[in-house]
Structures are given as structure tokens and as C-alpha cells.
Amino acid sequence: GVVLDPFAGSGMTGVAARYLGYDVVLNELSPAASFISHNFTKTVDTAAFNNAISHVCKNLSELRKQLYSTECRECGKTVETLYTVWSYELECNHCCGTFRLWDHCRQYGSNVREHKLLRKFPCPHCSEEVNKSYLKRHDSVPVFLGYRCCSKKIVEQPIAQADIKRIEAAKVLLKNYDAHIPHTPLPNGVNLNQPKRHGLDSVDKFYTERNLAACAALWSEIKRIEDPDIAASVAFAFTSLYQRVTRLSEYRFWGGSGNTANFNVPHISNESNVFVTFERKAKSIADHFLTTAQSYGGRSAVRTGSATDLSFLPDNSIDFIFTDPPFGANINYSEMNILWESWLGKFTDPNSEAIMNKTQGKSISEYQELMTSSLKEAYRVLRPDHWMVLVFMNSSEKVWDSLRHSINDAGFSIEKINIFDKQHGTFK
């Protein structure tokens, strides 16, 4: 049979279908999501992929040393910086004194999971209690870095003057890669206004100068790969970095830096080494190519376009539909995709985006209208007496009612509803 996902997202329906040996059609509005789907559902020569990753990193090894070197505080040996933590300087709303947030907002518990960054604390100048969320931000400055040398564990040390000089030198190196840097201005948006308030009004400003130089250098090397399939796979490793190497990456005492479905500029951020992160992600992707993708059967086709128009598919041509459409106002997809799509050079057309979004002027009625149009197309292409399974996650009764109306108005009948318990919560 032929499987369809009209809201394909990152292509997991395609992965499941190909793994089970079915042909699958993936339709997705976002060029970035289509790019991800394409790479997840194709088979790749893993050796050629790994060779390309090694070649790219080898070509940039000298730049890597220039950008991410420091000296071991014990033996004096030059080692690689794994990450650098940056803190905003804030202005007290009582006395107008400025201070580096990191120095005054930490509270340590009995173990690393109990360490926390306080929201409220006394101003170091006037001792009045302040709430960091309401204080004016000034510059973001580096406060400490992490590396591994004499100990097997990562050692954290304060920033030295030599580290400051290297960070400053990155601004000069950045000029060499300007042609490969996306300067996409941020439009207004539900999730875009917060970074704009803090001066991140274009995509390039989402990065420190050092990480922007590293990303632009990687991107320029990827563009030089002659085999388009391998180039796309290596670019897939690059786009998987997403927020992890930007100023949006929030520092955690226990490590790691998860991606979230919104843009938020943290007060204390973790600047990850781009090359270390790139190699780690490439290893994970190579594992997928070597295991899951090697078991693929069937064929896959990925199409970028609106689910409201599936005219590329004939009537009664699909055997099974499995999809999870946008969940009302939960995630503003086109806004979140601007980071990927700025590097790829292709952007989502938000006119057909089935979401609730004040900036786009879409309320629940516009959302329902777009969902109805999309589900009518799904009904048209599905064979008679065949099935659609629709996954939907939203706690709003109004949004559920809206979806129910869309399903019925499209011609479907709701035969069964199951509750899927994921067993653990998310950041939502």
C-alpha cells in the first residue's frame, strides 16, 4: 500500500513506512522540514558520509584551533575549549548600578541537580531585592570555559586574558566568511519579539562572532562537496545543530542544551564548540544511516507545499494516512523554522500555515478553515473504506471542537478515539 502524511514535519511517518516496507508520500509546507524528511527517509553510503565529514573537519582544523583553543591551567598545554558560558550584565532598577549576573544569582545544593540560578536576589550595590526578569540588560560577557586535559573530567576555569584575545580575534576571522552568513532580518512574530527586544533582530545575531565564523566556514565547505546526496547529508548534520550553538542555548549546571519549541534569549547562555557539536551530531546521523536506513524497503517522495492542495495526487490513490497536524497555537512552526531556513535559503509561506497566530491574524476560525481544506484533500485522495489515523495534542476544548468539525466537514467519520500516554511530561 501507499502511505501519506500531509503534515509530514520531520518525516517520522516516512521512517516508519519505509522501515516496514511501504511506499510513502510526505507532504510538508516548510522547506526546512522537507529537507529533514528527505534526509531521514533516504539511504546513504555511510562510509562516503563519514569520509565527507572527516574531509570537511580536516580542511577547517586550523580555524578550529584559532577559535577554540585555551591553556590548561595545570600543565600549560594548549587544549580545545569545549564550551564557554556567557552572562549578561544587568542594571539594578533601584540604584542603577550594573553587575554581572553570574556573580550574584547562583545557589548551590548538595548535588548538581539541586544547583540553581536564582530569579530573585539582593542587588550587590544597594542590597534591595531584584527580579532578573525585569532588569535592563547590557552586554553579554564570557565568564568561564570548560575543557578536558589532565583530568578525564571536564574542568571549568575562569576566562583568562588570552581567551579574551581569541574571542576578539574571531571578529576579524568572521569577515572571511561574510558571503556564507545569513543576515535574514527577523519579522514580527509570537516567538520572534522576545529575541528582537534583546537586540537579536537578524539571524546572524543569534550567534556569537566565534560560533558564527565556525558555522559559516562549515557551510562554505559543505557547499563545495560535489556529490549532491552526500552534500545534503552533511548539510543535514549542520542543520541538526539548530539552537544548540546559538545564544539561545541556556546554560545548565548538569550539562546539555536542549532545543525548545520557542525562541528565548537566556540571561546565562552556553556557547558550545561548533566543531565538537557538529562531529557528535554527524556520528548520531551516521548511526541512523547504518542501522534504521539500511532496513528500508519501499520508496519515498517528499513534496514541499500546502496540505490544502494535494492536486499532485489523484483521487482514491492512497491506502493509509497517518499524520499529526499543527496543534492550534502550541507551536509557531514558520517562526521556529527561520533559523534553519535562513541557512538553506528557502522559507515557509505562512499564508497556508494551519495555526493560530496573532501576528498572522489567524484565530480559531482561520485555523479551522485551513484544517478543513486540508482534510478535504486527504479525504479525496484516500481510497474508499480506508483509514486515516490522526494524532493530536492540545489541551484546549475549543481547539478539539474545531478539529472535530474539520474532520466531519471533510467527509470523515470518527470511528474511535484512543488516548496516548507518553508516560512523562515535556517542557510544555
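Since we're looking at a predicted model, the values are computed, not measured.

Conventions used here
- Residues numbered from 1 in each chain as written.
- Predicted model: local features only at pLDDT ≥ 70, side-chain atom pairs only at ≥ 80, totals over all residues.
- Heavy atoms only, no water.
- 1 Å grid on protein atoms, 1.4 Å probe; cavity = no way out; pocket = protein on both sides within 12 Å on 5 of 7 lines; lining within 4 Å.
- Points joined across faces, edges and corners; volume = space filled by probe spheres on them.
- Helix = DSSP H or I, 4+ residues; strand = E, 2+ residues; numbered from the N terminus.
- Nonpolar A, V, L, I, M, F, W, Y, C, P; charged D, E, K, R; others polar.
- Axes fitted to C-alpha atoms, helices over the stretch in contact; angles between N-to-C directions.
- Parallel < 35°, antiparallel > 145°, perpendicular 65-115°, else oblique.
- Left-handed = near helix turned anticlockwise from the far one by under 90°.
- Contact = heavy atoms within 4.5 Å.
- Salt bridge = Lys/Arg side-chain N within 4 Å of Asp/Glu carboxyl O.
- Buried < 20%, exposed > 50% of the residue type's maximum accessible area, 1.4 Å probe, protein only.

> For this particular structure, what's the right way to read the layout of surface pockets?
Any empty space left between the atoms is revealed when a probe the size of a water molecule rolls over them. Quantified by volume, the second largest pocket comes out at close to 470 Å³. Lining of the second largest pocket is provided by 23 residues; of these, Trp 86, Asp 139, Ser 140, Glu 209 and Arg 247 occupy positions nearest its centre. If you list the elements that add at least two residues to the lining of the second largest pocket, you get β4 (78-91), β10 (136-147), α5 (161-174) and α7 (209-223). Sort the elements by how many residues they give to the lining of the second largest pocket and β10 lands first, with 6 residues. In terms of residue class, the lining of the second largest pocket is built from 10 nonpolar, 5 polar and 8 charged.

> It is not clear to me how the packing of α5 against α7 should be interpreted in this structure. Could you clarify?
The relative placement of two packed helices comes down to the angle between their axes together with the axis-to-axis distance. In the contact formed by α5 and α7, the axes pass within 8 Å of each other and the chain directions differ by 40°. Overall, the two elements α5 and α7 adopt an arrangement that is oblique. Crossing handedness for the pair α5 and α7: left-handed. Residues Ile 167, Ala 170, Lys 171 and Leu 174 of α5 form the contact with α7, whose own contacting residues are Glu 209, Arg 210, Leu 212 and Ala 213. Looking at the contact of α5 with α7, its residues break down into 5 nonpolar, no polar and 3 charged.

> Would you explain the pattern of salt bridges in this entry?
Side chains bearing opposite charge may pair, as long as their charged atoms lie close to each other. On inspection of all chains with the given rule, the structure shows 14 salt bridges. In this structure, the salt-bridge partner of Arg 299 is Asp 23, at a minimum N-O distance of 2.8 Å. Pair noted here: Arg 299 is in the loop between α9 (274-290) and β13 (300-304) and Asp 23 is in strand β2 (residues 23-28), with a separation of 276 residues, a long-range link. Note that Arg 166 and Asp 163 form a salt bridge whose closest N and O atoms lie 3.6 Å from each other. Separated by 3 residues within a single helix, Arg 166 and Asp 163 lie in helix α5, roughly one turn from each other. The pair Arg 166 / Asp 163 is uniform in exposure class, with both members buried. In this structure, a network of salt bridges that share partners links the residues Glu 71, Arg 73, Asp 163 and Arg 166.

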